[in-house]
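Read off the chains here:
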Amino acid sequence: MSKLTLKTEANTHVVVTRRFAAPPEAVYRAHTDPKLIQKWLLGPEGWTMPVYINDARPGGKIRYEWTDGKGPGFHLTGEYLELEPYSRIVHVERMHLPDHTPDNHVETRFAADGTGTLMTMRMTLPDAQTRAAMLATGMEAGMEASYVRLEAMI
């Protein structure tokens, strides 16, 4: 059973929430440490991330490349705008499938929640069409598969 909830707001927003049985420091670290990211941010089973660049500082670059070994993979590029250790990350990302998608502005918050963490990720896309295309990729299932791996690590 998924612990992730995904809701849409207005025409351009997606809000994802998920609880983790780990403190905010651990969940934040798993989102900013490239060696940890490479282990959990894989989506469905069978995918790997051979390239993982994550320079977690304002202006720092992000590049992740995924493959399932069966054909061309895809990648994501982006950059960090703001980081508040253990509580908030703001970045911009774009998928390359192979052409790049419009910018997705993402704010992720990590809040203590009992003995764990409530993560709230708010994505802002340029228009309803871009949001619909993103949601149609099956991202919700891929995100939860990744978060199950993350929770097992921390």
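Residues numbered from 1 in each chain as written. Predicted model: local features only at pLDDT ≥ 70, side-chain atom pairs only at ≥ 80, totals over all residues. Heavy atoms only, no water.

Visitor: Even after reading the chapter, I still don't get the packing of aromatic side chains, so can you show me in this structure?
Guide: The geometry of an aromatic ring pair is captured by two quantities: the separation of the ring centres and the angle between the planes. Tallying each qualifying case throughout the model produces 7 aromatic pairs. Both rings, one in Y28 and one in Y86, keep their centres 5.5 Å apart while their planes meet at 70°; by these two values the pair is edge-to-face. Of the two residues, Y28 is situated in helix 1 (residues 24–32) and Y86 in the loop between strand 5 (74–84) and strand 6 (88–96); the sequence distance between them amounts to 58 residues. Take Y28: its relative accessible area is 7%, and that puts it in the buried class. Taking the relative accessible area as the measure of exposure, Y86 reaches 38% and is therefore partly exposed. Ring geometry for Y64 against W66: centres 5.9 Å apart, planes inclined by 70°, an arrangement best described as edge-to-face. Residues Y64 and W66 agree in their burial class; the two are buried. (Phe/Tyr/Trp six-rings, centres within 6.5 Å; stacked < 30°, edge-to-face > 60°. Helix = DSSP H or I, 4+ residues; strand = E, 2+ residues; numbered from the N terminus. Buried < 20%, exposed > 50% of the residue type's maximum accessible area, 1.4 Å probe, protein only.)

Visitor: Even after reading the chapter, I still don't get the pairing of strand 6, so can you show me in this structure?
Guide: Consecutive side chains of a regular strand alternate in pointing toward one face of the sheet and then the other. With 8 of 9 residues buried, strand 6 is to be regarded as a mostly interior element. Here strand 5 pairs with strand 6 via 9 bridges, running antiparallel. Paired with L76 across the bridge in strand 6 is M95. Of the strand pairs in this sheet, strand 6 and strand 7 (residues 104–113) are connected by 6 bridges, and their pairing is antiparallel. Bridging from a neighbouring strand, R88 pairs with R109 of strand 7. (Pairing = 2+ DSSP bridges.)

Visitor: How should I be thinking about helix 1 in this particular structure?
Guide: Residues spaced three or four apart along an α-helix face the same direction, because each turn holds 3.6 residues. With 7 of its 9 residues buried, helix 1 lies for the most part within the structure. Along helix 1, the residues that are buried comprise P24, A26, V27, Y28, A30, H31 and T32.

Visitor: What is the right way to look at the sheet that holds strand 8 (residues 116–124) in this model?
Guide: Note on sheets: strands pair through backbone hydrogen bonds, and any given pair is parallel or antiparallel. In space, the 8 strands of this open sheet follow the order 1-2-8-7-6-5-4-3, with antiparallel pairing throughout. Edge positions in the open sheet fall to strand 1 (4–9) and strand 3 (48–54), since each of these has one partner strand only. The average undirected angle you get between the axes of adjacent strands in this sheet is 20°. (Axes fitted to C-alpha atoms, helices over the stretch in contact; angles between N-to-C directions.)

Visitor: I keep staring at the pattern of salt bridges and nothing clicks. Help me out?
Guide: Close approach of charged atoms lets side chains of opposite charge pair. Enumeration according to the criterion identifies 15 salt bridges in this entry. For the salt bridge of K3 with E151, the shortest nitrogen-to-oxygen distance reads 2.9 Å. Of this pair, K3 sits in the segment before strand 1 while E151 is found in helix 4 (residues 139–153), placing the two residues 148 residues apart along the sequence. A salt bridge links R88 to E107; its shortest N-O distance comes to 2.6 Å. Residue R88 is found in strand 6, and its partner E107 is found in strand 7; the two are separated by 19 residues along the sequence. A relative accessible area of 11% means that R88 is categorised as buried. A cluster of three or more residues bridged by salt bridges with shared partners is formed by E82, E84, R88, E107 and R109. (Salt bridge = Lys/Arg side-chain N within 4 Å of Asp/Glu carboxyl O.)

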